[in-house]
Structures are given as structure tokens and as C-alpha cells.
Amino acid sequence: MSRFGRRASALAALIVFLCALGVGVVTAGNRSRDERALRKTRSAPSQTIEQKVSALLGKMTLAEKLNQLTLLSDGQINDSEAAKPVGGVFSLTDPDKINHFQHVAVEQSRLHIPILFAFDTIHGYRTIFPIPLGTASSFDPNVASDDHRIGAMETAAVGIKQIYSPMVDVSHEPRWGRSSEGGGEDPYLGSVMAAARVKAAQGSDYSAPDKVVTSVKHFAAYGQPEGGRDYNTTDMSEARLRNLYLPPFKAAIDAGADTAMCSFNAINGVPGCANSHTENDILKKEWGFDGFVESDYTAVDELLRHGVAADGCDAARAALNAGTDMEMVSTHYRDCGAQLVKSGAVSMSRINDAVRRILRIKFRAGLFDNPYVDPSKANDVQLLPASRDTERKDAARSMVLLKNDNGTLPIDTSKSVAVIGPLGDDQHDMLGPWWGQGRDSDAVSVFDGIKAQDANTTFTEGCKMVDADLYDPANECPSVDTAAVTAAAQGADQVVLALGETRGQSGEAEVRSDLKLPGHEQDIIDAVKQTGKPFTVVLFNGRPLDLTDVAAKSDAILEAWFPGVEAGNSIADVLFGKVDPGGKLPVSFPRSVGQVPIYYNHEPTGRPCDVGSKYNSRYRDILSCQPLYPFGFGLSYTTFKLSNLQLSSHTLSAKGGSITASVDVTNTGSRQGDEVAQLYIHDPVASISQPVRRLRGFERVTLDPGQTTTVSWKLDRSDVGFYDNSGNFVVEPGRIDVFAGDSSADDGQTDSFTVQ
Ligand code: BGC
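Source: prediction; values computed, not measured.

Draft legend 1. A look at the overall build of the protein chain. Within the protein chain, the secondary structure is distributed over 23 helices and 26 strands. Radius of gyration (C-alpha) of the protein chain: 26 Å, near the 27 Å computed for a compact globule of 756 residues. Taking the principal axes of its C-alpha atoms as reference, the protein chain extends roughly 75 × 60 × 45 Å. Per-residue burial for the protein chain yields a buried fraction of 63% across its 756 residues. Partitioning the contacts of the protein chain with sequence separation of at least 6, the portion at a separation of at least 24 is 79%.

Rendered as C-alpha cells:
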């Protein structure tokens, strides 16, 4: 059964079990609207669209309006629903069916309103790119752009005009399987990647045949569930919400994202889709968002289980009034809308506002002018050779070299190679979670990729990893054939171990309480270590892992994430040194699961971990205060030096102006390579404690041996300020420390300036 088929039957069960409890109480606050001007500029040319929307809205009955607020899955749509017509349909990918239902909607409905078809193109549609956590490791927004440019083209070609992406949930929770879908732990890096994705998918006009409208998700703070358990509650201060979790959403909206998806989780007791503070106050009023918000899958219905709605109608009331415009899968809006309007629980103007937002996006998407797709052309742009080439290049740029002792890498192609490990001849898992319409048969395995560049290569599985829906230790490398592993290693000059998770171990609802390699994979490392052969561990995973035991034994470690369709080729490009591994970690890797959450941009404590006597903030049984690998860390086949940090001024006005920070980056090694220069700041004295480091700039450069380049960044009030606990952005006078380095842990270059 497909993922969606399974969920449709799960929904039926869910509805049977839901019972009434609780009352939805949502507060609305007033926020400053100083950034709305930006949005006004954007909507100015759309005057005619607004007039068209008004004219259409004026003709609609309440029932027709409520149908526009309804979003059905591929398993729910049929001719009768299409003829109503419903507002949107997601996960239908057959262009003939899409065309068929669109014809029904446009030709058989009274007002001829087209359906907006949507899909989760998270890291590719057919040409599957690295998982977004991998893309973030590239520290190169062009990689995110390529992913969403090609993804949008392939998606739009089948008649789908909305993607449920980018997923921009900042997360400090490696146990959470959805870490894989986002940009990591840093709001600045996440913002850059989010904006790049939105711009690439939408272009300047998403009515273009190769563009789609993006839906930024999951609004908000879904990445910080208690205990790492998916859908679980989140409790956080307003300052933390705004400083750490909201920036990538804001960046996506500013980049033009015209739709958004509210999240399953509650923040401070208020579920995302019933949260008037985040949806009405922040997203719509403060940020001036004029698109629509759809709920996540049955999230309106789940307000009952959250205990904030008494029944389905009450859930519809809470969600509609909080600002959720469209309801996914459950149909309480449609079923209860008339009654809610009649009783005054929801105003007619709120219904009109929600419909207006949806119609506005359909007009902007060009659906009224071009509702149909030509199914005979849908395949013309899928998995083009040029798209595969781009993916191969970008996957290699997304890999992070974590360890490389004794020049183990790069491998000389004249050496024989033994590929060992359960993921070594695997196509399926290379695509990662949310594989879109990617096909296993398109993917290049590690063995095939390496063999193509070095014919003298063997493969030994060692143990089996079976990608299964439910946890069963029998599926996770239950025991290792050590004799075969040892013999294979002994027979080769170099060993490449392909280890890590299956794609199903990450993603939605895939939470792990243990972050070590699954099952007995570590035994493979131990066996190869015994042979004395130089070996590299190539890792596949959708979250930071506990690599303490891996790092203790391995000569080299290459973090490949789930690299996508060209996996084996891009890994071979890096292992053989055709491409320098220049990626950096977008998340901290803990020394053990007990260190979680551990992230570079934490606030200081009064008794820091590494200071003073025994009465400090240390784990008794972990000697280091640091993660195993910090945010921003990654090696290269060459070496670099950062020097000469310069600030254009040592004072910055709190009211305006900027300072330029620059640093020289020199390739001090003997081969061409990539470095990511990173700029961090710290505000040592503020009204509320500020993170010990905050990334405010990065640049990936490629340098020849001996070459130096100067990288510079502008810092202004938006960089040095922060949100306080009343939700106000404040810029306080005082010293700001500046650090330029090659990771968040690098103290190399420092200076400071004063905000006056
Ligand atoms: C996920 C969303 C996704 C939606 C539609 C939900 O379960 O949380 O990220 O967009 O399904 O597939």
C-alpha cells in the first residue's frame, strides 16, 4: 500500500476514535507592521488579480466557498469532488488523472474554478537530490537552487502547481527523524537555503510552465518536539521562537513563498493550526503574508486530540479563526462552515478572506488561463541527463569529510578497493526519505559508482539492512559475517565501508532513541580495523549520529547523508579526489545521545561546562564539553588558513548603517580545494543572554594551491539585534565580538565593534 493509501485508512480509524474534549482558546496580539511595505511592493502589479478575485468571490455561494477551503488527498478525489470543485488535491501524480479532474472542475462546475494540485517535492521529483540536511551541508545556496529549480520543472510538467516545500524547521533534535528534511540547527544558514529554494521553484512568476508556488512548512517550531518524538509538544519563550525558529520562515516569505503549512505540534499549549499568534499575528499581520495557509494532514481534526476543540465543528472554528485557510484531508470546514457562520462562531468576512487568499494564489499560478497539462509532454523533462549531471555535482558538494588520518583519502584509482557494508550495493536507500517520484532503479549504488572509476573493486555485504515500516531488530544488521568481511578487506588495498541508516529510519514519525550505527554495523568496522587495511566509512543517515565509536577506529569518515539519484557516482568523485569534499556540518554531532540537545548557538550559563570547580554544567561521564563534531566543521583534501580579519569601522549606529567584515582565505596545501569561511558574532552583555556564537555570514570558495581570496560580509542592525520576550526586535548598545573561522568552534580570527 502506498504511504498515502495507508494514511487514508489510518484517517478512517482516526475519525472513529476521536472524541470531544477541551475548548480552543487562542489569543491574538498586536505586532508592529513595519515590514508590510515590502509585501505591498510585491502585490502592486496584481491589481487586476485582486479585481478578478473580488468579481469571482461575489458570485460564489457559501457552499462553493467552503469547497475552496477543502484540500483532498489522491485517495479522496473523485469526479464528484472535482465537480464541486474542491480547492486543492495533493499527491496525485498521474498527469492523465490530473488533467481529467481539472477538466471536470473547470468544465462541470458552475464557476469554472480550477483545482490547485500539490505534491511533496522536498528534494526532487524524479531527479532526487540529497536530502535537505545534505544540501545545507554544501553551504552553497546554488545547490538548494538547483534542487528546487529542477524539482519545480519536473513537478509542473505533470500538472502540479504547488509544492509542500521548503521544509525549514530549525531543529536541535537529532532523535527527530524529520531533521533530515530541514536545513539543520542554525537559523541563518536555514534562512539562506530557504530563500534559495523558494526563488528557484517560483522564479519571478510561478505561472510559468516550469514553476510552482512553494509552501513553507511547518509553521511553527515543529523541529523542537519534547524528547524528539514526532508531533510532540513544544514549549518555548517568545524570544527563542523568534530568534531561533522563525527566521527561515520569514526568509522564505520575503523570498516570495505564497503558501504556508501549519504544523502538527503545539507551542505553549496551542497547536500550530489553531495558533492565532503565529498565523494571524506574526505571519499575516506582522509579515504581511497575503497567500494562504493549509493545515498539515488531518491537523484540523487532530485539534480534538490536542484537547483544544470539543468536536469537529469546534476544531474548524478554532483553525479558521486562527488563520488556517485550507483544511487538508479532514473536512470539518466544509461540513460545519455553514453552521459556524450562522451561529456567528466564524464570520463571513473570515470565510471570504480565506477564499480570497486561495483564489489569489490560483490566479497568480496562472491556473485560470492555463488549467491543463499536456500529459503527452509530462515525461519530456523528467530525469534529463543534464539534471543527473547537476545532481551528481551537487551531491558531491554536499558531502562532509569528518576525518582523514594519514592521507587515507583520496584513493588512487590504481589501488584495488573492497566495498563492504549493507548499504554498499543499495539503490533504494540512496534516495533518502521523501523520495518523491524517484525510482530505486534510477539510483547509482556505491559499488557501481566506485567500480565505474576503478574496475578493481569488489563488494561484500557483511549484513543486511532491510528498509521496513516498523522497527524490528532483525532488519537492522542483526549479525555480521565477519569471516567474509575480513577476507574482503584482506584482499584489497583500500576498504570503503557503506554504513548507516535505511531511508525509512529518517523522515516523518521515524524517531530514534539511540543515535549509534544501527544494529551490529559497528562490528564491521571492528573487523576491518583488525586487518590493518586503510579504510573509510561512508555514512548514509538523515540525522546527526553518535559517531564516537566510529571515529575511534576509522581512518577516514565521509558523511554522505542520503545523496540522491547519482549517489555512487558522486561518492566515487569524492573518494578518488575528482571533487574536493568542501561541505560543512549544518548540525552538531553529539558524543552520545545523552548530550542532546547540543548546538553551537546555545546561551551561556552562570557556570559554564568548561569553567571552575566541579559545580559547573558538565556531564559527569562525558569529559568534553563539546560535541564530537561541531556545527560548521568539515575537512578538505587540502589545508586553508584564515587571516587578516578586518572591520571597516569599530562603531555601528543602532539606527542604521553597516560595517564590512572581511577575511583572507588562503589555500596552504598542495591541491585545489574548497573552504567555507564563516563569520560569527556574540553580544557579551545584553538584556537577555545571547547565544555564545551566531552565524551571520558564510562563503564557500574554491582555491588553487597558494591562492588567497578576500571574503567580505556586511553587518547591520538586523545582524546585531535580537527579539526580546515581548516579541520586539531590539538593538542594544554595547560591544559585539566578531569571529571568522572555518567552523563554529574556531577562535582563529577575532575583533569587536561597538553598537552606539
Ligand atoms: C507531513 C507534511 C506533508 C503532508 C502531505 C504530512 O504528514 O507532515 O510535511 O506535506 O503530510 O503529504
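From this point, the narrative continues.
Draft legend 2. Quick look at the sheet that holds strand β11 (residues 400–404). One open sheet accounts for six strands, arranged β11-β16-β15-β14-β12-β13; its pairing is mixed. The sheet is open, and its two borders are formed by β11 and β13 (457–460), each paired with just one other strand. Across the sheet, the axes of successive neighbouring strands diverge by a mean angle of 20°, strand direction being ignored. Note that strand β15 (residues 535–540) and strand β16 (residues 556–559) share four bridges and pair parallel. Looking at the pairing, Thr536 lines up with Ala556 of β16. Contacts between helix α18 (residues 446–453) and the sheet are confined to β12 (417–420), β13, β14 (494–500) and β15, with β13 contributing the most and set at about 165° to the helix. The sheet contacts of helix α19 (residues 482–490) involve β12, β13 and β14, and relative to β12 the element is tilted by about 155°.

Draft legend 3. How the structure looks around the side chain of His682. Among the structural elements, His682 can be located in strand β20 (residues 673–682). The class for His682 is buried, based on a relative accessible area of 15%. Discounting chain neighbours no more than four positions away, the residues touching His682 are Gln690, Pro691, Val692, Arg735, Ile736, Asp737 and Phe739.

Draft legend 4. How the structure looks around the state of the cysteines. Inspection of every chain in the model, using the stated rule, returns four disulfides. Linked covalently through their sulfurs, Cys313 and Cys336 form a disulfide whose S-S length is 2.2 Å. Taking the torsion about the S-S bond as the criterion, the Cys313 to Cys336 disulfide, at about -75°, is left-handed. Taken as a pair, Cys313 in helix α14 (residues 312–322) and Cys336 in helix α15 (residues 332–343) lie far apart in primary sequence, 23 residues in all. Accessibility expressed as a relative area gives 17% for Cys313, which makes it buried.

Draft legend 5. Expanded view of the sheet that holds strand β21 (residues 694–703). Ordered by their spatial adjacency, five strands build an open sheet running β18-β26-β25-β20-β21, and the pairing between neighbours is mixed. The sheet is open, and its two edges are formed by β18 (651–652) and β21, each paired on a single side. The pairing of strand β25 (residues 734–741) with strand β26 (residues 749–755) spans seven bridges and is antiparallel. Directly across from Ile736, in β26, lies its bridge partner Phe753.

Draft legend 6. Quick peek at the side chain of Gln494. Turning to its location among the elements, Gln494 is positioned in strand β14. From its side chain, Gln494 meets the backbone oxygen of Thr408 in a polar contact 3.3 Å long.

Draft legend 7. Fine view of helix α16 (residues 348–364). Taking 1.5 Å per residue as the helical rise, α16 with its 17 residues ought to reach 24 Å, and the 24 Å between its terminal C-alpha atoms agrees with that figure. By the criterion of burial, α16 is predominantly enclosed, with 12 of the 17 residues buried. Those residues of α16 lying buried are Arg350, Ile351, Ala354, Val355, Arg357, Ile358, Leu359, Arg360, Ile361, Lys362, Phe363 and Arg364. One or two positions beyond α16, positive phi appears at Gly366, with a value near 75°.

Draft legend 8. Helix α17 (residues 385–397), seen in detail. With 13 residues, α17 ought to run about 18 Å at 1.5 Å a step, and its terminal C-alpha atoms sit 19 Å apart, in line with that. Residues of α17 that are buried: Ser387, Arg388, Thr390, Glu391, Asp394, Ala395, Ala396 and Arg397. On its buried face, α17 sits against α7 (132–137), α8 (141–156), α22 (567–575), β20 and β21.

Draft legend 9. The arrangement of the confidence of the model for the protein chain in detail. Looking at the protein chain, pLDDT values average 94 and 94% of them are 70 or higher. Here residues 1–43 scores under 50 on pLDDT; set against residues more than four positions off or in separate chains, the count is 89 contacts.

Draft legend 10. View of the pattern of salt bridges. A full pass over the atoms with the stated rule returns 46 salt bridges. In this structure, Arg178 engages Glu508 in a salt bridge whose closest nitrogen and oxygen atoms are separated by 3.6 Å. Here Arg178 is found in the loop between β4 (162–163) and α9 (187–202), whereas its partner Glu508 is found in the loop between β14 and α20 (521–531), with 330 residues between them in sequence. Take Arg178: its relative accessible area is 2%, and that puts it in the buried class. Each of Lys284, Asp325, Arg350, Asp353 and Arg357 takes part in a single network of salt bridges with overlapping partners.

Draft legend 11. Structural detail: the packing of helix α10 (residues 238–245) against helix α11 (residues 247–254). Relative to each other, α10 and α11 sit at 55°, their axes nearing to 5 Å. It follows that α10 is oblique to α11 by the angle criterion. Residue-level inspection shows Leu241, Arg242, Asn243, Leu244 and Tyr245 of α10 in contact with α11, the latter providing Pro247, Pro248 and Phe249. Partitioning the contact of α10 with α11 into residue classes produces six nonpolar, one polar and one charged.

Draft legend 12. The environment of Gly87, seen in detail. Along the polypeptide, Gly87 turns up in the loop between α5 (79–82) and β2 (88–90). Along the backbone, Gly87 and Leu359 are 272 residues apart, and their C-alpha atoms lie at a distance of 8.8 Å. Contacts of Gly87, omitting those with residues within four sequence positions, involve Asn67, Gln68, Thr70, Pro114, Ile115, Leu116, Met326 and Lys362.

Draft legend 13. Spatial organisation of the pairing of β11. A large share of β11 lies buried, amounting to five of its five residues. Sheet topology places β11 next to β16; four bridges connect them, and they run antiparallel. From the neighbouring strand, Val400 faces β16, where its bridge partner is Glu559.

Draft legend 14. How the structure looks around the pairing of β14. β14 sits mainly inside the fold: seven of its seven residues count as buried. Burial along β14 is two-sided: Gln494, Val496, Ala498 and Gly500 and Val495, Leu497 and Leu499, pointing in opposite directions, are all buried. Summarising the sheet, β12 and β14 pair through four bridges and their orientation is parallel. Of the residues in β14, the one forming a bridge with Ala418 is Val495. Between the parallel elements β14 and β15, the chain passes through α20 in a crossover that is right-handed.

Definitions and cut-offs
- Residues numbered from 1 in each chain as written.
- Predicted model: local features only at pLDDT ≥ 70, side-chain atom pairs only at ≥ 80, totals over all residues.
- Heavy atoms only, no water.
- Helix = DSSP H or I, 4+ residues; strand = E, 2+ residues; numbered from the N terminus.
- Rg over C-alpha atoms; globule rule 2.2 N^0.38 Å.
- Buried < 20%, exposed > 50% of the residue type's maximum accessible area, 1.4 Å probe, protein only.
- Contact = heavy atoms within 4.5 Å.
- Pairing = 2+ DSSP bridges.
- Axes fitted to C-alpha atoms, helices over the stretch in contact; angles between N-to-C directions.
- Disulfide = S-S within 2.5 Å.
- Polar contact = N/O pair within 3.5 Å; in protein donor to acceptor, adjacent residues only side chain to side chain.
- Expected span 1.5 Å × (residues − 1).
- pLDDT = per-residue confidence, 0-100.
- Salt bridge = Lys/Arg side-chain N within 4 Å of Asp/Glu carboxyl O.
- Parallel < 35°, antiparallel > 145°, perpendicular 65-115°, else oblique.
- Nonpolar A, V, L, I, M, F, W, Y, C, P; charged D, E, K, R; others polar.
- Right-handed = clockwise from strand over helix to strand, strands pointing away.

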